[in-house]
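What follows is the residue order along each chain.
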Amino acid sequence: MCAREPEDEHVDVSLTVWALTIVGLCALIAVDFFIGGRKPHEVSLKEAGAWTTVWIVLACIFGVGLWLFGTGEASGEFFAGFLTEKSLSVDNLFVFVLIMTKFAVPSIYQQRVLMVGVLIALVLRAVFIAAGAAMISAFSWIFFVFGAFLIWTAWKLIQEARQDNEEEYEENRFLKMVERRFPSTDQYHGTKLFIVENGKRLMTPMLIVMLAIGSTDVLFALDSIPAIFGLTQDPYIVFTANAFALMGLRQLYFLIGGLLQKLVHLSYGLSVILGFIGVKLVLHALHESGVHVPEISIPVSLGVIGGVLVVTTITSLAATRGKKDVEV
């Protein structure tokens, strides 16, 4: 658990590399849309599994590329960040299911809703990442704030998991404001976002549900962005880890939709991960303040995150299988 100075942790990324990365990600999103999402249809498990594999493989290739052309430290930070963001995004899928149910989205349109919602989320994450990076560079004490917030979030997750209440989706203030100010129709009209009815321009439920998924991600970003900044302070790695985790979210929704109810211990696992990263941030902040404390290395972080996810999945499946046997 050796400490490194913050300036040594960053990959030297030029504006050209940033531009090429963004163009490359946009190209991948375009390919995903034109091949899998252009025509509304029900997504099969085979299609969802294939695309999920593609996005995971692309993330692995990118991580290996960071190791070959950057540093092993950068590669480790990316994989730790990707695993953390991916696990947090699986928890987000619970809310996406609630939103789809709330707005009664037809199955053939769900992939379009998720695609646009994820794109909105990606743009919002970029804004959050830029703000987080600016705060970190300006205020060293912000690590204390991030660390305390993650520890508090971890405790809140445990409390919510212990209550074991049925969740219901409640529209946020932004969505309520939009619905108050802009008239809408109750009927879906294909993938149209607006229609003209009796000379009046109306929003369709398609636009409303897209805004619901995109704006809801703002709340998710409040814990995921500080969490990944606890693993790396490099904005390039933070952004790319978030991008690869989010871009495969649409296919993951259809692939594990039926398994979500079986991941009964996921909240406990995420609370451990967030609490662990929170402690890591506090130790880092103390170290930066001149206090001689051990810092948690990336290999240790990667091992803890991966181990918690494996244990959580195994115990969840075992618990739900036991329940099923009892019911039978």
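Every chain is numbered independently, its residues counted from 1 as its sequence is written. Local features are withheld for residues below a pLDDT of 70 in this predicted model, meaning they are given only at 70 or higher, and side-chain atom pairs are given and counted only at 80 or more; totals for whole chains, interfaces and linings count all residues. Heavy atoms throughout the structure, all of them, feed into the side-chain values; hydrogens and water do not.

**Regarding the overall build of the protein chain**
Thought 1: Each helix is a run of DSSP H or I of at least 4 residues and each strand a run of E of at least 2, with the numbering of both proceeding from the N terminus. When you go through the protein chain residue by residue, the secondary structure sums to 12 helices and two strands.
Thought 2: Summary of the burial criterion: residues with accessible area below 20% of their type's maximum are buried, those above 50% are exposed, and those between are partly exposed, where the area comes from a 1.4 Å probe applied to protein chains only. Within the protein chain, buried positions represent 47% of all 328 residues.
Thought 3: Contact criterion: two residues are considered in contact whenever any of their non-hydrogen atoms come within 4.5 Å of each other. If you take every contact in the protein chain between residues at least 6 apart in sequence, the share linking residues at least 24 apart comes to 79%.

**Quick look at the pairing of strand β1 (residues 194-197)**
Thought 1: DSSP bridges decide pairing: two strands pair if at least two such bridges lie between them. Where β1 meets strand β2 (residues 200-203), four bridges bridge the pair, whose relative direction is antiparallel. Residue Phe-194 lies in a different strand from β2, and its bridge partner there is Met-203.
Thought 2: With antiparallel pairing between neighbouring strands as the criterion, β1 and β2 make up a hairpin whose turn holds two residues, including Asn-198 at a positive phi of roughly 55°.

**So, the packing of helix α5 (residues 110-138) against helix α10 (residues 249-256)**
Thought 1: Note on geometry: axes are lines fitted to C-alpha atoms, helical ones only across the stretch in contact, with angles between N-to-C directions running from 0 to 180 degrees. Packing of α5 against α10 leaves a shortest axis separation of 9 Å and a crossing angle of 140°. Judged by the inter-axis angle, α5 sits oblique to α10. The two elements α5 and α10 cross, and the hand of that crossing is right-handed. Facing Gln-110, Gln-111, Leu-114, Met-115 and Val-118 of α5, the residues of α10 in contact are Leu-249, Arg-250, Tyr-253 and Phe-254. When describing relative orientation, an angle under 35 degrees is termed roughly parallel and one over 145 degrees roughly antiparallel, while 65 to 115 degrees is termed roughly perpendicular and anything else oblique. Crossings are assigned a handedness: left-handed for a near helix turned anticlockwise from the far helix by less than a right angle, right-handed for a clockwise turn.

**Some details on empty space enclosed by the protein**
Thought 1: Each cavity reported here is a set of points on a 1 Å grid over the protein atoms alone in which a 1.4 Å probe fits but cannot get out, each pocket an open set with protein on both sides within 12 Å along at least five of seven lines, and each lining residue one with an atom within 4 Å of a point. Grid points are joined across faces, edges and corners, and a volume is the space filled by probe spheres set on the points. Tallying each qualifying case throughout the model produces two cavities of 30 Å³ or more.
Thought 2: Within this model, the largest cavity holds a volume of roughly 100 Å³.
Thought 3: If you trace the largest cavity, you find it lined by Ile-29, Asp-32, Trp-55, Met-115, Val-118, Leu-119, Leu-122, Met-247 and Arg-250.
Thought 4: Among the secondary structure elements, those contributing two or more residues to the lining of the largest cavity are α2 (15-37) and α5.
Thought 5: In the lining of the largest cavity, the residues fall into seven nonpolar, no polar and two charged.
Thought 6: Approximately 40 Å³ is the volume found for the second largest cavity.
Thought 7: In terms of lining residues, the second largest cavity is bounded by Glu-85, Leu-88, Ser-89, Asn-92, Arg-125, Phe-220, Ser-224, Ala-245 and Leu-246.
Thought 8: Residue contributions to the lining of the second largest cavity peak at four residues, all from helix α4 (residues 72-102). Residues were grouped as follows: Ala, Val, Leu, Ile, Met, Phe, Trp, Tyr, Cys and Pro as nonpolar; Asp, Glu, Lys and Arg as charged; and all remaining residues, including Gly, as polar.

**Points about the environment of Met-203**
Thought 1: Within the fold, Met-203 resides in strand β2.
Thought 2: Classification of Met-203 as buried rests on a relative accessible area of 3%.
Thought 3: Along the primary structure Met-203 and Tyr-188 are separated by 15 residues, whereas in three dimensions their C-alpha atoms are 9.8 Å apart.
Thought 4: Excluding its chain neighbours within four sequence positions, the residues that come into contact with Met-203 are Val-178, Phe-182, Pro-183, Ser-184, Thr-185, Leu-193, Phe-194 and Ile-208.

**Points about the packing of helix α3 (residues 45-69) against α10**
Thought 1: Following both chains from N to C, one finds α3 and α10 inclined at 135°, their axes separated by 8 Å at the closest point. Judged by the angle between their axes, α3 and α10 are oblique. Pair α3 / α10 crosses with left-handed handedness. Residues Leu-45, Ala-48, Gly-49, Trp-51, Thr-52 and Trp-55 of α3 form the contact with α10, whose participating residues are Gln-251, Leu-252, Phe-254 and Leu-255.

**Regarding the layout of surface pockets**
Thought 1: In this structure, the second largest pocket encloses a volume near 480 Å³.
Thought 2: Forming the walls of the second largest pocket are 19 residues, and the residues nearest its centre are Lys-86, Ser-87, Val-90, Leu-309 and Thr-313.
Thought 3: Ranked by residue count, the leading element in the lining of the second largest pocket is α4, at six residues.
Thought 4: Its residues assigned to classes, the lining of the second largest pocket comprises 14 nonpolar, four polar and one charged.

**Digging into α10**
Thought 1: When you tally the buried positions in α10, you get seven out of eight residues, the bulk of the element.
Thought 2: Listed in full, the buried residues belonging to α10 are Leu-249, Arg-250, Gln-251, Leu-252, Tyr-253, Phe-254 and Ile-256.

**Observations concerning the packing of aromatic side chains**
Thought 1: Classification of ring pairs rests on two measures: the distance between centres of Phe, Tyr or Trp rings, Trp counted by its six-membered ring, which must be within 6.5 Å, and the angle between planes, read as stacked under 30 degrees, edge-to-face over 60 and tilted in between. Tallied over the full model, the rule gives 10 aromatic pairs.
Thought 2: Geometrically, the ring pair formed by Phe-62 and Tyr-236 is tilted, given 6.1 Å between the ring centres and 40° between the ring planes. Here Phe-62 is found in helix α3, whereas its partner Tyr-236 is found in helix α9 (residues 235-247), with 174 residues between them in sequence.
Thought 3: The exposure class of Phe-62 is buried, given its relative accessible area of 18%.
Thought 4: Given a relative accessible area of 5%, Tyr-236 falls into the buried group.
Thought 5: Measuring from ring centre to ring centre gives 6.1 Å for Phe-78 and Phe-244, while their planes differ by 90°; the resulting arrangement is edge-to-face. In this pair, Phe-78 is assigned in helix α4 and Phe-244 in helix α9, connecting sequence segments 166 residues apart.
Thought 6: Residue Phe-78 is classed as buried on the basis of its relative accessible area of 0%.
Thought 7: Put simply, the rings of Trp-18, Phe-62, Phe-78, Phe-79, Phe-82, Tyr-236, Phe-239 and Phe-244 touch in pairs and so form one group of aromatic residues.
Thought 8: Should the NZ of a Lys or the CZ of an Arg lie within 6 Å of a ring centre and within 35 degrees of the ring normal, that charge is described as sitting over the ring. Positioned over the ring face of Phe-194 is Arg-201, at 4.4 Å from the centre of the ring.

Coordinates in, geometry out; function isn't part of it.
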